[in-house]
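Summary of structural features
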Amino acid sequence: MIEIVKRQAETFVGLTIPEGKPGRPGPGRELVDYTVERIRDRGISEIVVIYAASPPPRTFTVVVGYPCDSPDKMEPGDVLVGVRAGYFARFCCEDESEPDALAVTWSVADHAAARGRIERAFTEDLEVHHPDGSVDLFLSLH
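Residues numbered from 1 in each chain as written. Predicted model: local features only at pLDDT ≥ 70, side-chain atom pairs only at ≥ 80, totals over all residues. Heavy atoms only, no water.

Ordered in space as β1-β6-β8-β7-β3-β4-β2-β5, the eight strands form an open sheet in which the pairing is antiparallel. Since the sheet does not close on itself, it has two edges, and those belong to β1 (3–7) and β5 (79–83), each with one partner. Between one strand and the next, the sheet's axes are offset by a mean angle of 35 degrees, whatever the strand orientation. Relative to strand β8 (residues 135–140), strand β6 (residues 86–93) runs antiparallel, the two sharing six bridges. Bridge pairing in β8 links Phe 91 to Leu 137. Together, β3 (47–53), β6, β7 (124–129) and β8 form the strand contacts of helix α2 (residues 101–114), whose direction differs from that of β6 by roughly 135 degrees. (Pairing = 2+ DSSP bridges. Helix = DSSP H or I, 4+ residues; strand = E, 2+ residues; numbered from the N terminus. Axes fitted to C-alpha atoms, helices over the stretch in contact; angles between N-to-C directions. Contact = heavy atoms within 4.5 Å.)

What follows is about unusual backbone geometry. The residue Phe 122 is not glycine, and still its phi comes out positive at about 55 degrees. Position of Phe 122 relative to the elements: it lies in the loop between α2 and β7.

Another aspect to go through is the pattern of salt bridges. The tally for this structure, following the rule as stated, stands at 14 salt bridges. A salt bridge links Lys 73 to Asp 69; its shortest N-O distance comes to 2.8 Å. Lys 73 gets classed as partly exposed once you look at its relative accessible area, which sits at 48%. Residue classification places Asp 69 among the exposed positions, given a relative accessible area of 65%. One salt-bridge network, held together by shared partners, links Glu 3, Arg 90 and Asp 136. (Salt bridge = Lys/Arg side-chain N within 4 Å of Asp/Glu carboxyl O. Buried < 20%, exposed > 50% of the residue type's maximum accessible area, 1.4 Å probe, protein only.)

On to the environment of Gly 20, then. For Gly 20, the location among the structural elements is in the loop between β2 (10–17) and α1 (27–40). The buried category is assigned to Gly 20, whose relative accessible area is 2%. Residues within four places of Gly 20 in sequence aside, it is in contact with Phe 60 and Val 62.

With that settled, the discussion passes to the confidence of the model for the protein. Mean pLDDT for the protein: 90, with 99% of residues reaching 70 or above. For the protein, α1 is the element with the lowest average pLDDT, namely 88, and β1 is the one with the highest, namely 97. (pLDDT = per-residue confidence, 0-100.)

Scanning the entire structure with this criterion turns up three aromatic pairs. Here the aromatic rings of Tyr 51 and Trp 106 are separated by 5.5 Å at their centres, their planes lie at 85 degrees, and the arrangement is edge-to-face. With Tyr 51 in strand β3 and Trp 106 in helix α2, this pair connects stretches of sequence that are 55 residues apart. In this structure Tyr 51 comes out as buried when scored by relative accessible area, which is 0%. A residue is classified by how much of its surface remains accessible, and Trp 106, at 2% relative accessible area, is buried. Taking the centre distance of 6.5 Å and the plane angle of 85 degrees together, the rings of Phe 88 and Phe 138 count as edge-to-face. Taken together, the residues Phe 88 in strand β6 and Phe 138 in strand β8 connect sequence positions 50 residues apart. (Phe/Tyr/Trp six-rings, centres within 6.5 Å; stacked < 30°, edge-to-face > 60°.)

Below, the structure is given as structure tokens:
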């Protein structure tokens, strides 16, 4: 099920991964998952993965982090990234611990875009990893 939501602008702090791969198994995704665990090691319970797309051919710079209201909370090596307010298509992954569950959620989102059910903007896409193991996937829309 697709839910269209409006998100407010938000600032995040975290670690950068150049050319990360959204949702697909493989080396790029393994690095994202590893970095999520490094942020969890900081005691952060709700982690956000931000995918910022470059123009075609699309590559993504990834920031794995958490909401931040002040640069004073940054640790050495962290970057600060802003996500603009706008409309997003929301997809839910109930339990990311299930094998391939998040990859399946990304596939459902890709299929919705391919079928014209959503028109992606390819600005910032987000995965919000909740403490209960669920993940909300937000794809930016035109």
